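# Observations on the three-dimensional arrangement
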Amino acid sequence: QVQLVESGGGLVQPGGSLRLSCAVSGTARSSSVMGWYRQAPGKERESVATITRGGITNYADSVKGRFTISRDNAENTVYLQMNSLKPEDTAVYYCTVRILPTTYWGQGTQVTVSS
């Protein structure tokens, strides 16, 4: 059974940094695309960043230049380094991985940016 375990969320002041991690277990198959989504209260879930197995990345305009997605294929883990955090980054962040033909989701980790 494939499981995604997220960690690294929390409370941070504006301008601060956090690093999210998502480890995939329960499968020996590698992930094709890994990524992070987020959902703020009262808003729809949105894509934050994705990365292919080959390292091609894609970012939402709102996080370009501030967030960096990376992955460790050997460990089947994806990371999201978040710098210069803003209050509008407050949301539940979800890890997602595609192990064809299925897309899996993590349970979500809360990120709160507040002074």
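Here the structure is shown first, and the text comes after it.
## Comments concerning the nonpolar core
- Grouped together as the largest cluster of nonpolar side chains are 29 residues, with contacts concentrated most on Trp36, Leu80, Met82 and Tyr93.
- For this core, the element with the highest residue contribution is strand E9 (residues 91–99), accounting for 5 residues.

## Notes on the sheet that holds strand E3 (residues 18–25)
- The strand order across the open sheet built from 4 strands is E1-E3-E8-E7, with neighbouring strands paired in antiparallel fashion. Strand pairing shows two members of the sheet lacking a second neighbour, strand E1 (3–7) and strand E7 (67–72), which therefore form its edges. Between one strand axis and the next, the sheet turns through 15 degrees on average, direction left out of account.
- When E7 meets strand E8 (residues 77–82), the two strands line up antiparallel, connected through 6 bridges. Looking at E8, one finds that Arg71 is bridged to Val78.

## Some thoughts on the pairing of strand E4 (residues 33–39)
- The sheet contact formed by E4 and strand E5 (residues 46–52) spans 6 bridges and is antiparallel. Residue pairing for E5: Gly35 is matched across the bridge by Thr50.
- Following E4, the chain reverses through 6 residues before pairing antiparallel with E5; Gly42 in that reversal takes a positive phi of roughly 80 degrees.

## Focus: unusual backbone geometry
- Residues Leu100 and Pro101 are joined by a peptide bond in cis, for which omega reads 10 degrees.
- Position of Pro101 among the secondary structure elements: in the loop between E9 and strand E10 (102–105).
- In this structure, Asn76 takes a positive phi of about 55 degrees despite not being glycine.
- Structurally, the position occupied by Asn76 is in the loop between E7 and E8.
- Given the relative accessible area of 8%, Asn76 is considered buried.

## Notes on the environment of Glu6
- The topology assignment puts Glu6 in strand E1.
- For the pair Glu6 and Tyr94, spaced 88 residues apart in sequence, the C-alpha separation works out to 7.9 Å.
- Ignoring sequence-local partners within four residues, the contact set of Glu6 consists of Ser21, Cys22, Trp36, Tyr93, Tyr94, Cys95, Gly106, Gln107, Gly108 and Thr109.
- Polar side-chain contacts of Glu6 include one of 2.5 Å to the backbone nitrogen of Cys95.
- Engagement of the side chain of Glu6 in a polar contact is seen with the backbone nitrogen of Thr109, the distance being 3.5 Å.

## Focus: the state of the cysteines
- Counted by the stated rule, this structure contains 1 disulfide.
- Cys22 shares a disulfide with Cys95; S-S distance 2.1 Å. Of note, the bridge from Cys22 to Cys95 carries an S-S torsion of about -80 degrees and is left-handed in sense. Of the two residues, Cys22 is situated in strand E3 and Cys95 in strand E9; the sequence distance between them amounts to 73 residues.
- On the basis of relative accessible area, Cys95 is assigned to the buried category, the value being 0%.

## So, the side chain of Arg38
- Residue placement: Arg38 occurs in strand E4.
- A distance of 2.7 Å separates the side chain of Arg38 from the side chain of Glu46, its partner in a polar contact.
- One polar contact links Arg38 to Tyr93, side chain to side chain, over a distance of 2.9 Å.
- When sequence neighbours within four positions are dropped, the list of residues in contact with Arg38 reads Glu44, Arg45, Glu46, Val48, Ser62, Val63, Phe67, Glu88, Asp89, Ala91, Val92 and Tyr93.

Parameters at a glance
Residues numbered from 1 in each chain as written. Predicted model: local features only at pLDDT ≥ 70, side-chain atom pairs only at ≥ 80, totals over all residues. Heavy atoms only, no water. Core = buried A, V, L, I, M, F, W, Y, C linked by side-chain atoms within 4.5 Å. Buried < 20%, exposed > 50% of the residue type's maximum accessible area, 1.4 Å probe, protein only. Helix = DSSP H or I, 4+ residues; strand = E, 2+ residues; numbered from the N terminus. Pairing = 2+ DSSP bridges. Axes fitted to C-alpha atoms, helices over the stretch in contact; angles between N-to-C directions. Contact = heavy atoms within 4.5 Å. Polar contact = N/O pair within 3.5 Å; in protein donor to acceptor, adjacent residues only side chain to side chain. Disulfide = S-S within 2.5 Å.

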